[in-house]
Amino acid sequence: MTTANSDPGDRPMNTDVFNLASKTALVTGGSRGIGAACAKLLAERGASVAITYSRSAERAEALVSEITAAGGLAFAIAADAGEVDAAKAGVAQAIDRLGGHLDILVNNAGIAEHGPIGLLSDDTFERQMDINVRGVWYTTSAAVAAMRDGGRVINIGSFLGERVSAPGTSAYGMTKHAVAGLTKGWARDLAARQITVNTVEPGSIETEANPNEGERAAMIKMMVPLGRYGQPREVAELVAFLALPAASYITGAQILVDGGMLA
Ligand code: NDP
């Protein structure tokens, strides 16, 4: 285990920095979409993985079975990231079942509901605040207390956390700007423990929240230099990299996975 006073960059050349064996991970909102891809890849690379979900119990259990059948270790916990007590209890349960400590937290649970100021309902605004901002705060606060030195906090933001580039996206875009702000502050707060904190910012990724079909998807693809939607696995690859010991000097960053959309 890295200690707060050692220098994780000062390691022998043959150290395996591309391995997550013996690491423990929690992925919020891991039952489908980007979160599920992250959970699968972290498990493939050797981590023991806890996932949370709010409604999709069957999907979550199916993913756990898939990971387990492939030789990995995973389990699922019902914990609504938008309910403070449930979010904290979910973290506590995950840490307990992972053996009392955590190495990697992926704050993925999030919702996107759009509408212009004056038309977006108060409830919709508040729910996005609850899940996308408060959920990230309370989950991380509970998780870092049990995180080992050298741990990783990886927040799933959005390209809309860089620029609010479409009308009607102010509330969601604001929540993802908040995630980027928390990332920068926590990178400083947790640096003494060699815990890195970064935001991964997906562009348009094909999930149930963002289906690759119809006129809207066609318009989006015209704005993406690579000319297509991204796949959840393409986001997970960056998440898994940031989780590695190899990524020990990357912290406080916002990194786009957007097919060049904001280039
Ligand atoms: P999906 O809607 O496909 O999946 C969301 C996942 O989060 C599900 O597992 C869902 O589980 C879970 N979840 C939702 N609400 C809660 C909650 N309150 N508590 C716990 N879990 C919850 O979304 P994506 O995979 O597309 O998005 C994942 C993240 O990526 C989000 O933070 C989103 O903002 C971000 N993102 C996505 C982009 C895209 O194009 N897809 C672009 C930019 C950012 P359940 O079904 O049980 O609720």
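Look a little higher up for the structure.
Along each chain, residues carry numbers from 1 onward, in the same order as the chain's sequence is written. Per-residue local features of the predicted model are confined to residues with pLDDT of at least 70, and side-chain atom pairs are confined, for both listing and counting, to 80 or more; whole-chain, interface and lining totals are unaffected and use all residues. Heavy atoms throughout the structure, all of them, feed into the side-chain values; hydrogens and water do not.

### Notes on the overall build of the protein chain
Link 1 in the chain: Counting its secondary structure elements, the protein chain contains seven helices and seven strands.
Link 2 in the chain: Ordered by position from the N terminus, the helices and strands of the protein chain form the series β-α-β-α-β-α-β-α-β-α-β-α-α-β.
Link 3 in the chain: With respect to the three principal axes, the spread of C-alpha positions in the protein chain is 50 × 35 × 35 Å.
Link 4 in the chain: Think of it in three bands: residues with accessible area under 20% of the maximum for their type are buried, residues over 50% are exposed, and the middle band is partly exposed, with areas taken using a 1.4 Å probe on protein chains only. Taking all 263 residues of the protein chain together, 48% fall into the buried category.
Link 5 in the chain: Intrachain contacts of the protein chain at a sequence separation of at least 6 include 72% that bridge at least 24 residues.
Link 6 in the chain: Accessible surface computed for the protein chain: about 12400 Å², of which carbon and sulfur atoms make up 53%.
Link 7 in the chain: We treat Lys and Arg as the positive residues and Asp and Glu as the negative residues; His and chain ends play no part in the count. Taken as the charge centre is NZ of Lys, CZ of Arg, CG of Asp or CD of Glu, depending on the residue. Between the averaged position of the 22 positive side-chain charges in the protein chain and that of its 28 negative side-chain charges there is a distance of 3 Å. Under the scheme used here, helices are H or I runs from DSSP no shorter than 4 residues and strands are E runs no shorter than 2 residues, and both carry numbers assigned from the N terminus. Contacts between residues were defined by any pair of non-hydrogen atoms, one from each residue, lying within 4.5 Å. Accessibility throughout is a Shrake-Rupley quantity obtained with a 1.4 Å probe, and a residue counts as covered only by protein chains that appear here.

### Regarding the packing of helix H3 (residues 84–97) against helix H4 (residues 122–144)
Link 1 in the chain: Axis lines are fitted through C-alpha atoms, for helices just across the contact stretch, and the angle between N-to-C directions can take any value from 0 to 180 degrees. The interhelical angle for the contact between H3 and H4, taken along N-to-C directions, is 30°, at an axis separation of 9 Å. With respect to H4, the axis of H3 lies roughly parallel. Seen along the crossing, H3 lies across H4 with a hand that is right-handed. Contacts between H3 and H4 involve Val84, Ala87, Lys88, Val91 and Ile95 on the former and, on the latter, Tyr138, Thr139, Ala142 and Ala143.
Link 2 in the chain: Each residue belonging to the contact of H3 with H4 can be placed in one class, and the counts come to seven nonpolar, one polar and one charged. Each angle gets one of four labels, with under 35 degrees taken as roughly parallel, over 145 as roughly antiparallel, 65 to 115 as roughly perpendicular, and the rest as oblique. Should the near helix be turned anticlockwise from the far one by less than a right angle, the crossing is termed left-handed; should it be turned clockwise, right-handed. Polarity classes work like this: nonpolar for Ala, Val, Leu, Ile, Met, Phe, Trp, Tyr, Cys and Pro, charged for Asp, Glu, Lys and Arg, and polar for all others, with Gly in that last group.

### Let's talk about the sheet that holds strand E3 (residues 73–78)
Link 1 in the chain: Any two strands with at least two DSSP-identified bridges between them are counted as paired. If you trace the seven strands from one edge of the open sheet to the other, you get E3-E2-E1-E4-E5-E6-E7, paired in parallel fashion. With one partner strand each, in any of the chains shown, E3 and strand E7 (254–257) form the two edges of the open sheet. Averaged over all pairs of adjacent strands, the angle between strand axes in this sheet comes to 20°, irrespective of strand direction.
Link 2 in the chain: For strand E6 (residues 196–202) and E7, the ladder comprises four bridges, and the chain directions are parallel. Within the sheet, the bridge partner assigned to valine 200 lies in E7 and is isoleucine 255.
Link 3 in the chain: Running at roughly 175° to strand E4 (residues 102–107), H4 makes contact with E4 and strand E5 (147–156) of the sheet.

### Thoughts on the nonpolar core
Link 1 in the chain: To qualify as a nonpolar core, a set must consist of buried Ala, Val, Leu, Ile, Met, Phe, Trp, Tyr and Cys residues joined through side-chain atoms within 4.5 Å. Ranked by size, the top nonpolar core spans 36 residues in total, and within it Leu42, Val49, Ile51 and Val200 carry the most contacts.
Link 2 in the chain: Of all the secondary structure elements, the ones that give two or more residues to this core are strand E1 (24–27), helix H1 (33–44), strand E2 (48–53), helix H2 (57–69), E3, E4, E5 and helix H7 (232–243).
Link 3 in the chain: The leading source of residues in this core is H1, at eight residues.
Link 4 in the chain: Here valine 200 is in contact with Ile154, Asn155, Ile156, Gly157, Ser158, Val235, Leu238, Val239, Leu242, Ile255 and Val257, once residues within four sequence places are set aside.
Link 5 in the chain: Leu105, Val136, Val153 and Leu182 belong to the second largest nonpolar core, which has 24 residues in total.

### So, the pairing of E3
Link 1 in the chain: Relative to E3, E2 runs parallel, the two being bridged by six bridges. Following the sheet pairing, isoleucine 51 is matched in E3 by alanine 76.
Link 2 in the chain: With strands facing away from the observer, any crossover in which the path from the first strand over the helix to the second runs clockwise is taken as right-handed. Between the parallel elements E2 and E3, the chain passes through H2 in a crossover that is right-handed.

### Some words on the packing of H1 against H2
Link 1 in the chain: Closest axis-to-axis distance for the H1/H2 pair is 10 Å, and the angle between their directions is 20°. Our classification of the angle between H1 and H2 gives roughly parallel. Crossing hand, H1 versus H2: right-handed. Between H1, through Ala36, Ala39, Lys40 and Ala43, and H2, the contact on the second element is made entirely by Leu63, Glu66 and Ile67.
Link 2 in the chain: Among the residues making up the contact of H1 with H2, the classes are represented as five nonpolar, no polar and two charged.

### Focus: the packing of aromatic side chains
Link 1 in the chain: Each Phe, Tyr or Trp ring, with Trp reduced to its six-membered ring, pairs with another whose centre is within 6.5 Å; inter-plane angles below 30 degrees give stacked pairs, above 60 give edge-to-face pairs, and intermediate values give tilted ones. As enumerated under the stated definition, the model contains one aromatic pair in all.
Link 2 in the chain: Residues tryptophan 137 and tryptophan 186 carry aromatic rings whose centres are separated by 5.9 Å and whose planes lie at 45° to one another, so their mutual orientation is tilted. Taken together, the residues span a long stretch of sequence, with tryptophan 137 in helix H4 and tryptophan 186 in helix H5 (residues 170–189) at a distance of 49 residues.

### A few points about the pattern of salt bridges
Link 1 in the chain: Note on definitions: salt bridges are taken to be side-chain nitrogens of Lys or Arg within 4 Å of carboxyl oxygens of Asp or Glu. Counting across every chain of the model gives eleven salt bridges.
Link 2 in the chain: For arginine 127, the salt bridge goes to aspartate 80, with nearest N and O atoms at 3.0 Å. Here aspartate 80 lies in the loop between E3 and H3 and arginine 127 lies in helix H4, a separation of 47 residues in the sequence.
Link 3 in the chain: Using a relative accessible area of 30% as the deciding quantity, one classes arginine 127 as partly exposed.
Link 4 in the chain: The shortest N-O distance in the salt bridge between aspartate 149 and arginine 193 comes to 3.6 Å. Residue aspartate 149 is found in strand E5, and its partner arginine 193 is found in the loop between H5 and E6; the two are separated by 44 residues along the sequence.
Link 5 in the chain: Judged by its relative accessible area of 24%, aspartate 149 falls in the partly exposed class.
Link 6 in the chain: Given the relative accessible area of 25%, arginine 193 is considered partly exposed.

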